[in-house]
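Structural overview
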Amino acid sequence: MTGARPMTRLFASLLLALTAIFHAKGRAALTVLGILIGIAAVVIVSALGTGVQQRVKSQIESLGSNVIFVFPQSNQRSGARGARGGGGRLTENDGRAIVREATSVSTVVPFLQAQAQVVALEKNVMTNVVASTRRYLEVRGFSVASGANFTEADERLKAKVCLLGATTKENLFGDADAVGQIVRIGRYPFRVLGVLARKGQLPSGEDQDDRIVMPAPTFRSRIVPTAPGRVHTLLVSASDPLTVGRASAQIDAILRQRHHIAPEDEPDFGIHTQAEFLKTQEQIFGTLRALLLGIALVALGVGGIGVMNIMLVSVTERTREIGIRMAIGARERDVRMQFLVEAVTLCLFAGILGTLVAFGAIVALARMLGWSMLLLPQALLLALGVSVGTGIVFGFWPAHRASRLDPIEALRHE
Amino acid sequence: MDPPLIELDRVEKDYHAGSIVVRALLDVTLHVGRGELVAIVGASGSGKSTMMNILGCLDRPTRGRYRLDRVEVGNRSGDGRAIVRNRLIGFVFQGYNLLPRASALENVELPLVYRGIGRRERRERARAALAQVGLGHRAHPTPNQLSGGQQQRVAIARALVTSPSLLLADEPTGNLDTRTSYEVLALLQQLNRDGGITILLVTHEPSIAACASRIVTMRDGRILSDAKNQALDAAELLADLGGVNDLPDSA
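My aim in this report is to walk through the structure given alongside it, one point at a time. (Residues numbered from 1 in each chain as written. Chains lettered and ligands numbered in written order. Predicted model: local features only at pLDDT ≥ 70, side-chain atom pairs only at ≥ 80, totals over all residues.)

1. Considering the overall build of chain A
Definition in use: Starting at the N terminus, helices and strands are each numbered in turn, a helix being any DSSP run of H or I of at least four residues and a strand any DSSP run of E of at least two. Backbone-placed C-beta atoms define the burial measure: a residue is buried with 20 or more other C-beta atoms within 10 Å of its own, exposed with 12 or fewer, and partly exposed in between. Note on contacts: each residue gets a C-beta atom placed from the backbone, and two residues are in contact if those atoms are within 7 Å.
For chain A, the count of helices and strands is 14 helices and ten strands. With 414 residues in all, chain A has 41% of them scored as buried. Once local pairs closer than 6 in sequence are excluded, the contacts in chain A between residues at least 24 apart make up 80%.

Given below as structure tokens:
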């Protein structure tokens, strides 16, 4: 019997709270709006955090964590720094030197790209034309879904052949088979040798499957007239994900030597590793998270003050009721518990609604922006915990005031 | 011999209104035995409400001693007095003081909630108490669906449900017409006579006080007189009015 007492009292308090809230629905709904927004933000933040981690992991797998991007970069102080392809030059000979001399590098492929109009039958799309060697697929982790890759002979003969990314193929041919078909790029007809397997989006949101791949010599003579051997980027594959750092250092040394740049001078090329891309990504998401967390805290604070206000109103309105309860034997802690449970219940309602709103937002964001976000059970526990915490923090003072009322005064209250 | 249920010895109460001290009770000594039905009468400002608050453990005396049921209760803290109110005292007020949103049954259950009694036992005891005041069939309406007399009977049931040693009725007929007043009085007399419960009845109406077997008159914070009274039977007065007695049969 003694053991059942606290539960009996708590259950009774909960029922009371529900009744009281039900009798002031409109007021309660307006009050909890702030809490609702705050909790929604908390849930989205935690889902975003989890989503980013998952995303980073899957992208390392998708891109290959051992890929290093080397691109020319202006080193003139007056020039526009950081713009890829501006200023310096990079050639296939640089690439050959890297493969020959850098011990931690396994493969180097050239990379050129341009936007181009592609026409097949009556379909006409703008897409990304990428040029490299046949080993490009292996470096970037693409595979041929149907048909075949181009060959060394195709490269040497500047053959007008190409591979279609999954999205491009769909845009041009729909469900029909594309292998062996002819597409027109610019002024020239190209034969489709193969279609690539789908790979998904890049961290930047770019669709990796919206592209056409062709041999670099073909690109230089048919798409964008370019000096032989010139590349936009060199894609370097480190021999192992763990040696990416060492490979970068080796590339830097080799290219400085070939381009006659002293170690203390600014190079005319840039080196980007996958880790750096991911770091940038994380920074962006980190900022977003901090922002949302800020919103969450402000909303919870404002909402909490709203709850405190409404509880003070509730205590004043129900002064006589408090007096009656005290007269028939409610102790201070009983009254305090009653109003505290009411505040917590109010916040818990808001928390549950906020979680639902967050769930909707997460699904919408995932659809619209392709952000992968994960809602873990821990996030739900966090939301409920924060709701209860807000209720206790902001409900305590009104509840304490109620418990300190003088029963005689309270009974006289109209 | 058993000590009296109420032992109020040389009790005084001061109120501070700014720099002025209002002496609301002066040297009040009152002993009430078990099973008595005592009326406390006096004009407003005579100190009867103050004495009622102290007797009901809603307030503490400034000086003097108050023992209830052999227990020293006058000097207890807030929570200590709350427990005494819950265990030893039942209150009936002029304005009924029922919770408007709760049903009659839930109102009657309330003191048992604060005693930590489980739901099923609460229900049983509340139903029994409602039956005792003749409202066994009116358990579910909320107070505003009941007449004044019925509401006051619900309040009496709420006071009885804990089986208190003392029932304090503060102007219990103040809001009721004559017939309903006698009904409520008849109920209190019946509870006193058959249940042996001690009742203190605060009133300013001589016709109500006439139904008590002892009348204590207050004036200016002191007890002016304390005398036995040949109590009138409220049920007979009710019958004289030609009223219908719908109280439960005394058994």
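2. Remarks on the interface of chain A and chain B
Inclusion rule: Ten residue types, Ala, Val, Leu, Ile, Met, Phe, Trp, Tyr, Cys and Pro, are classed as nonpolar, four, Asp, Glu, Lys and Arg, as charged, and the remainder, Gly among them, as polar.
At the junction of the two partners, chain A supplies 20 residues and chain B supplies 21 residues. Among the secondary structure elements, those contributing two or more residues to the side of chain A that touches chain B are α1 (4-22), α11 (319-327), α12 (332-369) and α14 (407-412) of chain A. Considering every element that reaches the side of chain A that touches chain B, the biggest residue donor is α1 of chain A, with six residues. Class assignment for the residues of the side of chain A that touches chain B results in ten nonpolar, four polar and six charged.

3. Observations regarding the sheet that holds strand β2 (residues 20-32) of chain B
Residue and element names in this part refer to chain B. We count it as follows: For two strands to count as paired, DSSP must find a minimum of two bridges between them.
Across the sheet, four strands lie side by side as β2-β1-β4-β5; this open sheet has antiparallel pairing. Of all strands in the sheet, those bounded by a partner on one side alone are β2 and β5 (71-72). As paired elements, strand β1 (residues 6-17) and β2 share nine bridges and run antiparallel to each other. If you follow Lys13 over to β2, its bridge partner there is Leu25.

4. Quick word on the environment of Asp177 of chain B
Residue position: Asp177 of chain B is located in the loop between β7 (166-170) and α6 (178-195). Considered as a pair, Asp177 of chain B and Gly149 of chain B are 28 residues apart in the sequence and their alpha carbons are 8.9 Å apart.

5. Observations regarding the nonpolar core
In plain terms, the rule: By convention in this section, buried Ala, Val, Leu, Ile, Met, Phe, Trp, Tyr and Cys residues joined through C-beta atoms within 7 Å make up a nonpolar core.
Core analysis: the biggest nonpolar cluster contains 130 residues, and Ala343 of chain A together with Ile40, Ala157, Leu200 and Leu201 of chain B have the highest contact counts within it. Beyond its immediate stretch of four places on either side in the chain, Leu201 of chain B contacts Leu37, Val38, Ala39, Ile40, Ala169 and Ala212 of chain B. In terms of nonpolar packing, the next biggest core, distinct from the first, is built from 52 residues, Val67, Val129, Phe150 and Ala166 of chain A among them.

6. Re the sheet that holds strand β8 (residues 198-203) of chain B
All names here are of chain B. Filter applied, for reference: Between N-to-C directions, angles cover 0 to 180 degrees, with each direction set by a line fitted to C-alpha atoms, over the stretch in contact for helices.
Spatially, six strands are ordered β6-β7-β8-β3-β9-β10 in an open sheet, and the strand pairing comes out mixed. Each having just a single partner strand, β6 (89-92) and β10 (222-228) make up the two edges of the open sheet. Across the sheet, the mean angle separating the axes of adjacent strands is 20 degrees when strand polarity is ignored. Summarising the sheet, β6 and β7 pair through four bridges and their orientation is parallel. Bridging from a neighbouring strand, Phe91 pairs with Leu168 of β7. Where helix α5 (residues 148-160) meets the sheet, it contacts β6 and β7, and its direction lies at approximately 170 degrees from that of β6.

7. Observations concerning helix α3 (residues 104-114) of chain B
All names here are of chain B. Burial analysis of α3 places eleven of its eleven residues in the buried class, the great majority of the element. Turning to α3, its buried residues number three or more, namely Ala104, Leu105, Glu106, Asn107, Val108, Glu109, Leu110, Pro111, Leu112, Val113 and Tyr114. Gly116, located one to two residues past α3, shows a positive phi value of around 80 degrees.

8. A word on the packing of α3 of chain B against α5 of chain B
Residue and element names in this part refer to chain B. For the record, the criterion: Working rule for angles: under 35 degrees goes down as roughly parallel, over 145 as roughly antiparallel, 65 to 115 as roughly perpendicular, anything else as oblique. A crossing counts as left-handed when the near helix is turned anticlockwise from the far one by less than a right angle, and as right-handed when that turn is clockwise.
Their axes nearest at 7 Å, the elements α3 and α5 cross at an angle of 30 degrees. By the angle between their directions, the pair α3 and α5 is classed as roughly parallel. For the crossing formed where α3 meets α5, the hand is right-handed. Residues Ala104, Asn107, Val108, Leu110 and Pro111 of α3 pack against Val154, Ala157 and Arg158 of α5. Partitioned by chemical class, the residues of the contact of α3 with α5 number six nonpolar, one polar and one charged.

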